[in-house]
Amino acid sequence: MDILKIYFEQQQVFELNNIQHLMGITGLYFIFLRYTEIPYPYGKSRLVYIGMSEKKTNSIGKRLLGHYDGTSGNEGLLNYRKAEGLYFTYINFEMFKTIWKLRIEDLESYFILDFLKDYGVYPICNNKSGFEIKKHNLSVFFDIDWKYFNSEVPAT
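What comes next concerns the included structure. (Residues numbered from 1 in each chain as written. Predicted model: local features only at pLDDT ≥ 70, side-chain atom pairs only at ≥ 80, totals over all residues. Heavy atoms only, no water.)

Brief notes about helix 3 (residues 75-83)
Thinking step 1. A distance of 3.2 Å separates the backbone nitrogen of Gly76 from a side-chain oxygen at the start of helix 3, and that oxygen is part of Asn74.
Thinking step 2. Directly after helix 3, the chain includes Gly85, whose backbone phi takes a positive value near 85°. (Polar contact = N/O pair within 3.5 Å; in protein donor to acceptor, adjacent residues only side chain to side chain. Helix = DSSP H or I, 4+ residues; strand = E, 2+ residues; numbered from the N terminus.)

Structure below.
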């Protein structure tokens, strides 16, 4: 069994010009608040949403665009964007294909459940639990750098 450390790419301001270059890319994306840390049961975090794009036609860029303009129906993300602004980062699934042999949906479930383990509840704007991954025997485990989302880091 392998344990791999997961670090996140540099945060980007949740604006249209930062979203559009992600059209056609599949993977996971993480949306977080600029300033406010949410008091989850086991600790504070600015992370409010873990999302996934499973195919190029519904890419990370398209999913983020839906959250940006509100067509995704996630009122929490839309209202946090309006109230204080958001950041995001992402993981390109192509980088994981050599180590992760399951579906991207299972990878999203893994991350959501790992956040639950560390913070005691799902990210505040997520509407799904991610229990599908429990059906599999995993050959790789991740040590996810959730501290990345703990305090404000100026955007570049």
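Focus on the pattern of salt bridges
Thinking step 1. For the structure on display, the rule yields five salt bridges.
Thinking step 2. Across the pair Lys5 and Asp143 runs a salt bridge whose closest N-O atoms are separated by 3.5 Å. Of the two residues, Lys5 sits in strand 1 (residues 2-6) while Asp143 sits in strand 8 (residues 140-144), which places them 138 residues apart along the sequence.
Thinking step 3. In this structure Lys5 comes out as partly exposed when scored by relative accessible area, which is 38%.
Thinking step 4. Asp106 is paired through a salt bridge with Arg103; the nearest N and O atoms lie 3.3 Å apart.
Thinking step 5. Through salt bridges with shared partners, one network takes in Asp114, Lys117 and Asp118. (Salt bridge = Lys/Arg side-chain N within 4 Å of Asp/Glu carboxyl O. Buried < 20%, exposed > 50% of the residue type's maximum accessible area, 1.4 Å probe, protein only.)

Quick notes on the environment of Ser45
Thinking step 1. Tracing the sequence through the fold places Ser45 in strand 5 (residues 43-45).
Thinking step 2. When its relative accessible area of 0% is taken as the criterion, Ser45 is described as buried.
Thinking step 3. Contact partners of Ser45, with chain neighbours within four places excluded, come to Thr36, Glu37, Ile38, Tyr40, Phe115, Tyr119, Phe149 and Asn150.
Thinking step 4. Engagement of the side chain of Ser45 in a polar contact is seen with the backbone nitrogen of Leu47, the distance being 3.0 Å. (Contact = heavy atoms within 4.5 Å.)

Here's the deal with the packing of aromatic side chains
Thinking step 1. Counted by the stated rule, this structure contains 25 aromatic pairs.
Thinking step 2. Plain terms: the ring middles of Phe111 and Trp146 are 6.1 Å apart, the flat faces sit at 85° to each other, and that makes the pair edge-to-face. Within this pair, whereas Phe111 is found in helix 4 (residues 104-119), its partner Trp146 is found in the segment after strand 8, the two being separated by 35 residues in sequence. With respect to class, Phe111 is no different from Trp146; both count as buried.
Thinking step 3. Above the ring of Tyr68, the side-chain terminus of Arg81 is found at 4.0 Å from the ring centroid. (Phe/Tyr/Trp six-rings, centres within 6.5 Å; stacked < 30°, edge-to-face > 60°. Lys NZ or Arg CZ within 6 Å of the ring centre and 35° of its normal.)

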